[in-house]
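The primary structure of each chain is shown beneath.
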Amino acid sequence: MSFPEAIFSFVFGDGDPNAGFDEARWRALGQFIQDRGGVVTAEEMAAFLDPPPDGGSVSTSGASGLEVDDSFVLPALLRFGGEPLVDESGHLLYSFPSLQKRAGSGGRREFAGRLGAARAAAEGAAPEVATRPPAPALEAEWLQSAASLGQTVGAVALGGVNVAAVWFLADLLSEPTMRMYAAQQGLGWIAALLPFLQLYAGAFFTIPAVRWVVNQARNARIAQRNAARETAADALSAPLPRLRAKLDAARRAGVQKVIAARDIVFSSDKEVGGEQELAEFDRRLQGQRKGK
């Protein structure tokens, strides 16, 4: 950046570093839910949302793995049209029908993945869908200034010269004889301008000082939210048995949802080869049922 831009950055900062954060995390969460069949747990969404801070109701201790106050998922339910559901084992899951993937939207690879998951569900096995823990959505901290060290030093030096000049001028005009002389020379307006010059000189350093205090508080809250999301993601990396069972229940529920809504998932724009493979799978499934 140029030196004038560096001066502006030093005094006023560079704006919100997380201006596009909300839109990016909603997009990432929507894709994450799609990749998991449209049914997820609160623990999985915690890496994208604003779960309770570490040490509160989000904890990795205990037999249940990550214990979550599910109220923080409400924004996701409202945004994506989700709804809670309880499976036969009592696991509280969240279904998002609008995020069920369509076979035609992702091509042959996506269709094959869904078909493989459906086969696993029909055989009573846990479906092999995306199980990698999500990368937590992390906010960037507020910077005091994006100016380089040299530019910052230059801005401070300029501000120091400005303060010294205003102080010298104020001291000079504090003498009545100098005020009178300035008025005789047609420079009386300088005395009238002096309060504004003093205000400018003071604001040159006061504004950055106030921003520093505000940014410290902002960054402390950001660090707390990021830590809670990282804790949630870490708990999913090595889930304890009860949490693993809940995650497996969500994967099975997602597959069952896809099978029950084939008219939604497999739309008219699906590939011909995919239709033939699905028909073959249906015939094999019917044969298995008759055999039983």
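Residues numbered from 1 in each chain as written. Predicted model: local features only at pLDDT ≥ 70, side-chain atom pairs only at ≥ 80, totals over all residues. Heavy atoms only, no water.

So, the overall build of the protein chain
So, step 1. Counting its regular elements, the protein chain contains 11 helices and three strands.
So, step 2. The N-to-C order of helical and strand elements in the protein chain reads α-α-β-α-α-β-β-α-α-α-α-α-α-α.
So, step 3. In the protein chain, which comprises 292 residues, the share counted as buried stands at 38%.
So, step 4. For the protein chain, restricting intrachain contacts to residue pairs at least 6 apart in sequence, the fraction spanning at least 24 positions comes to 76%.
So, step 5. Total accessible area on the protein chain stands at roughly 16,300 Å², and carbon and sulfur atoms take up 59% of it. (Helix = DSSP H or I, 4+ residues; strand = E, 2+ residues; numbered from the N terminus. Buried < 20%, exposed > 50% of the residue type's maximum accessible area, 1.4 Å probe, protein only. Contact = heavy atoms within 4.5 Å. Areas by Shrake-Rupley, 256 points an atom, 1.4 Å probe, with all protein chains shown as cover.)

Structural notes on the side chain of Asn-219
So, step 1. Its location among the elements puts Asn-219 in helix α8 (residues 188-237).
So, step 2. A distance of 2.7 Å separates the side chain of Asn-219 from the backbone nitrogen of Trp-142, its partner in a polar contact.
So, step 3. Asn-219 has contacts with Glu-141 and Trp-142, leaving out every residue within four places of it along the chain. (Polar contact = N/O pair within 3.5 Å; in protein donor to acceptor, adjacent residues only side chain to side chain.)

Structural notes on the packing of aromatic side chains
So, step 1. Going through the model one piece at a time under the given rule, you end up with eight aromatic pairs.
So, step 2. With 5.8 Å between their ring centres and 75 degrees between their planes, Trp-26 and Phe-80 make a pair best called edge-to-face. Within this pair, whereas Trp-26 is found in helix α2 (residues 21-35), its partner Phe-80 is found in helix α4 (residues 74-80), the two being separated by 54 residues in sequence. Across the pair, Phe-80 and Trp-26 agree in class, each one buried.
So, step 3. Put simply, the rings of Phe-10, Tyr-200, Phe-204 and Phe-205 touch in pairs and so form one group of aromatic residues. (Phe/Tyr/Trp six-rings, centres within 6.5 Å; stacked < 30°, edge-to-face > 60°.)

Side note on the confidence of the model for the protein chain
So, step 1. Looking at the protein chain as a whole, its pLDDT mean stands at 75, while 67% of the residues score no less than 70.
So, step 2. Low pLDDT, under 50, characterises residues 103-129; the stretch is placed with 47 contacts to residues that sit more than four places away or in other chains.
So, step 3. Counting contacts from residues 261-272, a segment whose pLDDT is below 50, to residues more than four positions away or on other chains yields 18 contacts. (pLDDT = per-residue confidence, 0-100.)

Re α2
So, step 1. Across its 15 residues, α2 extends 21 Å between first and last C-alpha, which sits within 8% of the 21 Å expected from 1.5 Å per residue.
So, step 2. Looking at α2, one finds that the buried residues are Phe-21, Arg-25, Trp-26, Leu-29, Gly-30, Phe-32 and Ile-33. The arc enclosing the buried residues of α2, seen along the axis, measures out at 160 degrees, which places them on a common side.
So, step 3. Phi turns positive, to about 80 degrees, at Gly-37, one or two residues after α2. (Expected span 1.5 Å × (residues − 1). Arc of directions from axis to C-beta.)

Regarding the sheet that holds strand β1 (residues 39-40)
So, step 1. With antiparallel pairing, three strands are arranged side by side in an open sheet as β1-β3-β2. The outermost strands of the open sheet, each flanked by one partner alone, are β1 and β2 (83-86).
So, step 2. When β2 meets strand β3 (residues 92-95), the two strands line up antiparallel, connected through four bridges. Within β3, the position partnered with Pro-84 by the bridge is Tyr-94. (Pairing = 2+ DSSP bridges.)

Observations concerning the nonpolar core
So, step 1. One finds Leu-29, Ile-33, Met-45, Leu-49, Val-73 and Phe-96 to be the most contacted residues of the largest nonpolar core, which totals 23 residues.
So, step 2. Those elements that place two or more of their residues in this core are α2, α3 (42-45), α4 and α8.
So, step 3. Broken down by element, the residue count for this core peaks at five residues, all from α2.
So, step 4. Leave out the neighbours within four places in its chain, and Phe-96 touches Ile-33, Gly-38, Val-40, Met-45, Ala-76, Leu-77, Phe-80, Gly-81 and Gly-82. (Core = buried A, V, L, I, M, F, W, Y, C linked by side-chain atoms within 4.5 Å.)

Description of the pattern of salt bridges
So, step 1. Enumeration according to the criterion identifies 10 salt bridges in this entry.
So, step 2. The salt bridge partner of Glu-139 is Arg-225, with a shortest N-O separation of 2.7 Å. Of the two residues, Glu-139 sits in the loop between α5 (103-122) and α6 (149-173) while Arg-225 sits in helix α8, which places them 86 residues apart along the sequence. (Salt bridge = Lys/Arg side-chain N within 4 Å of Asp/Glu carboxyl O.)

Section: the environment of Ala-250
So, step 1. Turning to its location among the elements, Ala-250 is positioned in helix α9 (residues 241-260).
So, step 2. Its relative accessible area of 0% is what places Ala-250 among the buried residues.
So, step 3. Measuring from C-alpha to C-alpha, the distance between Ala-250 and Leu-92 comes to 8.9 Å, with 158 residues separating the pair along the chain.
So, step 4. The contacts of Ala-250, once residues within four sequence positions are left out, are Val-39, Val-40, Thr-41 and Leu-93.

Focus: α6
Two residues of an α-helix separated by three or four positions point the same way, owing to the 3.6 residues in each turn.
So, step 1. For α6, spanning 25 residues, the distance from its first C-alpha to its last is 36 Å, which sits close to the expected 36 Å at 1.5 Å a residue.
So, step 2. Of the positions making up α6, those classed as buried are Gln-151, Ala-155, Gly-159, Val-166, Ala-170 and Leu-173.

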